[in-house]
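# Coordinates in review
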Amino acid sequence: MKRKDFYQLLQPLTEKFYRLAYRLIPDDLQAEQLVIDSLNAYLIKEKKKILAASDLESLSKKDIQLQRRSSFKGIIRYMGEIGVRRSSQLVDQTKFSQPKDFHSFYGLAPKVRMVISLRYDFQFTVEEIEDITGMPRYEVIEKIHNGRFLLLNDFNQGAQL
Amino acid sequence: MIEKNLNPMDSKYQKKIIGFIDGSLSPDDKSEFEAYVRTHPEFESQIKKKEEEILFLKSLIPAPVMSQETAESLNNEMKLSIFNLLKQEPKNFMDRLKNSWEEWVNR
């Protein structure tokens, strides 16, 4: 695949990349950097595979969608890995403060925020989340349940005050 | 609270509600689920309840939007990364020419 084709393949996903990155590290610059670092890690690892893939013009619409989804999953796999680690480091060093809005969500552990986003925003199945995050199935299910419970519980408590 | 009158069949299909709503059920499971709902109209209220819960949950998840400036900067950075990291080592003069041409065209 030509470089410009790969860029065309990813370009419609920019907003989604940013959205997930910002949920992991709620800071504009840090989120942008996280997207780039995840993309770079993916490009370095998958360079041969990407260059050997067919050009966009020879692919059907369905194949382009499949290719796009596969690249999306590949990149957010690195985003999860880098983002979760970086988010914890930045919080430890108090390099950024939690946003005031959506404090229940940002109060969740980064891994839970990642899993909840993958499930409820990007609508990945539990199996796909297992594959993306590298977590065993029981852990993915546990994080979905805990995240959902904590979000709803926190909202209900807030509403009672 | 434990629901005392929960039909075991209902509980089997209850687990599939989320998959049905987000479209992640396999075609076979989907047909089976739809057939069950057709024969048990009262089950529809449970689907509706779940749909509402998911919608509400989504409203508790932030949906940050990039500013125009961030979007431009991020797109440029992504393009730069792709063009730099997917560069093929030129084997001969023609490859070098091809790389330079591609870079010039996509600047």
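Residues numbered from 1 in each chain as written. Chains lettered and ligands numbered in written order. Predicted model: local features only at pLDDT ≥ 70, side-chain atom pairs only at ≥ 80, totals over all residues. Heavy atoms only, no water.

All right, on to the overall build of chain B then. Summing up its helical and strand segments, chain B has 6 helices and 0 strands in all. What you see in chain B, going N to C, is helices and strands ordered as α-α-α-α-α-α. Each of the 107 residues in chain B was classed as buried or not, and the buried ones make up 30%. A separation of at least 24 residues holds for 40% of the contacts in chain B among residues at least 6 apart in sequence. When the accessible surface of chain B is split by element, carbon and sulfur atoms take 55% of a total near 7700 Å². (Helix = DSSP H or I, 4+ residues; strand = E, 2+ residues; numbered from the N terminus. Buried < 20%, exposed > 50% of the residue type's maximum accessible area, 1.4 Å probe, protein only. Contact = heavy atoms within 4.5 Å. Areas by Shrake-Rupley, 256 points an atom, 1.4 Å probe, with all protein chains shown as cover.)

Our next topic: the domain arrangement of chain A. Much of the literature gives interface size as the accessible area that the parts lose upon coming together. All names here are of chain A. As assigned here, chain A comprises domain 1 (1-97) and domain 2 (99-161). Here the C-alpha centroids of domain 1 and domain 2 sit 20 Å apart. Domain 1 puts 17 residues into the contact, and the matching count from domain 2 is 15 residues. Roughly 1500 Å² is buried in total at the junction of domain 1 and domain 2, and carbon and sulfur atoms are behind 62% of that figure. Per-residue buried area on domain 1 facing domain 2 is highest for R23, K73 and R77; these three make up 35% of the total on that side. (Domains from an automatic or database assignment. Buried area = accessible area lost by both parts, 1.4 Å probe.)

A word on a nonpolar patch on the surface. A grouping of F93, M94 and L97 of chain B is seen on the molecular surface, where their side chains present a nonpolar patch of about 340 Å² in accessible area. By the element assignment, F93 of chain B lies in helix 6 (residues 93-105). (Patch = residues over 30% accessible without salt bridge, like charges linked within 9 Å, V, L, I, M, F, W, Y side chains within 5 Å. Salt bridge = Lys/Arg side-chain N within 4 Å of Asp/Glu carboxyl O.)

Residue and element names in this part refer to chain A. The full count for this structure, using the stated rule, is 10 aromatic pairs over all chains. Ring centres of Y18 and Y22 lie 5.8 Å apart, and the angle between their planes is 40°; on these two criteria the pair is classed as tilted. In this pair, Y18 and Y22 both sit in helix 2 (residues 14-24), 4 residues apart, roughly one turn of the helix. Y22 shares its class with Y18; the two are buried. Taking the centre distance of 5.4 Å and the plane angle of 85° together, the rings of F105 and Y106 count as edge-to-face. Taken as a pair, F105 and Y106 share a single burial class, namely buried. Here a set of aromatic residues connected by ring pairs shows up, and it is made of F17, F72, F122 and F124. Across from the ring centre of F72, 5.6 Å away, lies the NZ or CZ of K16, which sits over that ring. (Phe/Tyr/Trp six-rings, centres within 6.5 Å; stacked < 30°, edge-to-face > 60°. Lys NZ or Arg CZ within 6 Å of the ring centre and 35° of its normal.)

Right, let's get into the packing of helix 2 of chain A against helix 3 (residues 28-52) of chain A. Relative placement of two packed helices is described by the angle separating their axes and the distance separating the axes. Residues and elements named next belong to chain A. At a minimum axis separation of 8 Å, helix 2 and helix 3 run at an interaxial angle of 120°. Classified by the angle their axes make, helix 2 and helix 3 are oblique. Here the hand of the crossing between helix 2 and helix 3 comes out right-handed. Facing helix 2, whose interface residues are F17, Y18, A21, Y22 and L24, helix 3 presents D28, A31, L34 and V35. (Axes fitted to C-alpha atoms, helices over the stretch in contact; angles between N-to-C directions. Parallel < 35°, antiparallel > 145°, perpendicular 65-115°, else oblique. Left-handed = near helix turned anticlockwise from the far one by under 90°.)

The next point concerns the pattern of salt bridges. In a structure, side chains of opposite charge can pair up when their charged atoms sit close to one another. In the structure shown here, the tally under the stated rule is 17 salt bridges over all chains. The residue E139 of chain A makes a salt bridge to K143 of chain A at a minimum N-O spacing of 3.5 Å. Here E139 of chain A pairs with K143 of chain A, and both are found in helix 8 (residues 137-160), just 4 residues apart, close to one helical turn. Residue classification places K143 of chain A among the buried residues on the basis of a relative accessible area of 14%. Residue E34 of chain B pairs with K30 of chain B through a salt bridge whose shortest N-O separation is 3.9 Å. Of this pair, E34 of chain B and K30 of chain B are both found in helix 3 (residues 27-39), 4 residues apart, which corresponds to roughly one turn of the helix. Of the residues examined, K30 of chain B reaches a relative accessible area of 39% and is grouped as partly exposed.

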